[in-house]
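Observations on chain architecture
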Amino acid sequence: AWQGNRPAVSAADPLSPLTDEVVASFDGCANPRLRQLLTDLARTLHAYTIRNDLTPQEWQQAIAFLTEAGHITTDTRQEFILLSDTLGVSSVVDALANSRTPDTTSSAILGPFYVAGPPAAEHGSDIAGGFTGTPLWSDIKVTDPEGKPVAGAVVDVWQSNEDGFYDVQLPDLDGPVLRARFTTDADGRFTFWSILPSEYPIPDDGPVGRMLSAVGRHPYRAPHVHFLINAPGHQPLITQLFVRGGAYLDGAPGQRDAVFGVKDDLITDFTPRTGPTPDGRAVDGEWRLLE
Ligand code: MBD
Ligand code: FE
């Protein structure tokens, strides 16, 4: 409940000595980076609080929101990562780390559903684990910035099913499904069968979902497949492929992908294909890793 039009605190910036004192309290920090980050955090939070004339009730509400977000911490549910994603912070961090390498494949945010160490799978195998959907054939090549194949790259893949759920969201499933680890061959390639991913809502029954509905935003992500590529002598690459023509790829602010995760050059043709294998789609990719 905003109290509006409260009298001003008093004369010109009476609070700056308080901010200065907090900032000075970090002077003894031996780690210069930590000192810089805490100093600017204090300055930024104080300025935010003062500019918005925050009331005690509002601050209590904010703390209750963050506390609730922190309590939803099962493997399958991380509200802090969702908060970072839905406020665009994850995409800003990603852009800072990865926007300076024009000749390599764009990165994308990790999201909450990566599980380390997925099961190793053979080239050409099917990772759908019995889930039905539009069959999808993937044929992807990993190269260095000059286009030379990278053999022995380890590629983790994960995606949701047709209903928009990742395996970790489905408690009745037995073992990992729609996630796997491939190793590229001498030509830098790996291939697999899966199903076409669909758009789906990020988990919205917690505090982040309430925030989205309070501002009239939808919780949907554009259809995508996640990849994490690790190769000796190269920077790890976290990326996603987006299905061209899929929902939530474009639109007005707040109408697109709920986590601001789409990059135009990651929107890829998932081409219709018929026989001899099941009718479905095929995706052909080539990724360039940074050395
Ligand atoms: C997802 O599946 C995802 O990829 C991201 C970035 C955020 C929430 C759910
Ligand atoms: Fe995802």
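Residues numbered from 1 in each chain as written. Chains lettered and ligands numbered in written order. Predicted model: local features only at pLDDT ≥ 70, side-chain atom pairs only at ≥ 80, totals over all residues.

1. Brief notes about the overall build of the protein
Going by this rule: Starting at the N terminus, helices and strands are each numbered in turn, a helix being any DSSP run of H or I of at least four residues and a strand any DSSP run of E of at least two. Buried residues are those with 20 or more other C-beta atoms within 10 Å of their own C-beta, exposed residues have 12 or fewer, and partly exposed residues lie in between; C-beta atoms are placed from the backbone. Working definition of a contact: two residues with C-beta atoms, positioned from the backbone, lying within 7 Å.
Along its length, the protein carries six helices and 12 strands. The buried share of the protein, taken over its 291 residues, is 25%. Intrachain contacts of the protein at a sequence separation of at least 6 include 73% that bridge at least 24 residues.

2. Thoughts on unusual backbone geometry
One non-glycine residue, Asp53, adopts positive backbone phi at about 50°. Along the polypeptide, Asp53 turns up in the loop between helix 2 (32-51) and helix 3 (56-71). On the basis of neighbour count, Asp53 is assigned to the partly exposed category, with 14 C-beta atoms found within 10 Å.

3. Considering the sheet that holds strand 8 (residues 224-230)
To keep things clear, this is the line we draw: Should DSSP find at least two bridges between two strands, the strands are taken to pair.
Strand order in the open sheet formed by five strands is 4-3-8-9-10, with mixed pairing between adjacent strands. Of all the strands in the sheet, the pair left with one neighbour each is strand 4 (179-183) and strand 10 (267-268).

4. Observations regarding the sheet that holds strand 5 (residues 189-195)
On the basis of which strands lie adjacent, the open sheet formed by five strands has the order 1-5-2-12-11 and mixed pairing. At either end of the open sheet lies a strand with only one pairing partner, and these are strand 1 (125-126) and strand 11 (271-273). In terms of strand pairing, strand 2 (residues 135-143) meets strand 12 (residues 280-288) through eight bridges, oriented parallel. Residue pairing in the sheet places Leu136 in a bridge with Arg281 of strand 12.

5. Brief notes about the domain arrangement of the protein
Rule in force here: Segment limits for the domains were obtained from an automatic or database-derived domain assignment.
Here the domain parsing of the protein yields domain 1 (16-54) and domain 2 (82-288). In this structure, domain 1 and domain 2 have C-alpha centres spaced 38 Å apart.

6. Brief notes about the confidence of the model for the protein
Stated formally: pLDDT measures the predictor's confidence residue by residue and takes values from 0 up to 100.
With 92% of its residues at a pLDDT of at least 70, the protein reaches an overall mean of 90. Taking the mean pLDDT of every element in the protein, the minimum, 88, falls on strand 11 and the maximum, 98, on strand 4. Scoring of the predicted complex yields 0.89 for pTM and 0.98 for ipTM.

7. Overview of the site of ligand 1
This is how it is decided: Should the C-beta atom of a residue, placed from the backbone, lie within 6 Å of a molecule or strand, that residue is near it. By the convention adopted, Pro, Cys, Tyr, Trp, Phe, Met, Ile, Leu, Val and Ala count as nonpolar, Lys, Arg, Asp and Glu as charged, and the other residues, Gly among them, as polar.
Around ligand 1, the surrounding shell consists of Asp85, Ile109, Gly111, Pro112, Phe113, Ile202, Arg221, Val259 and Gly261. When grouped by side-chain class, the residues that make up the shell around ligand 1 number five nonpolar, two polar and two charged.

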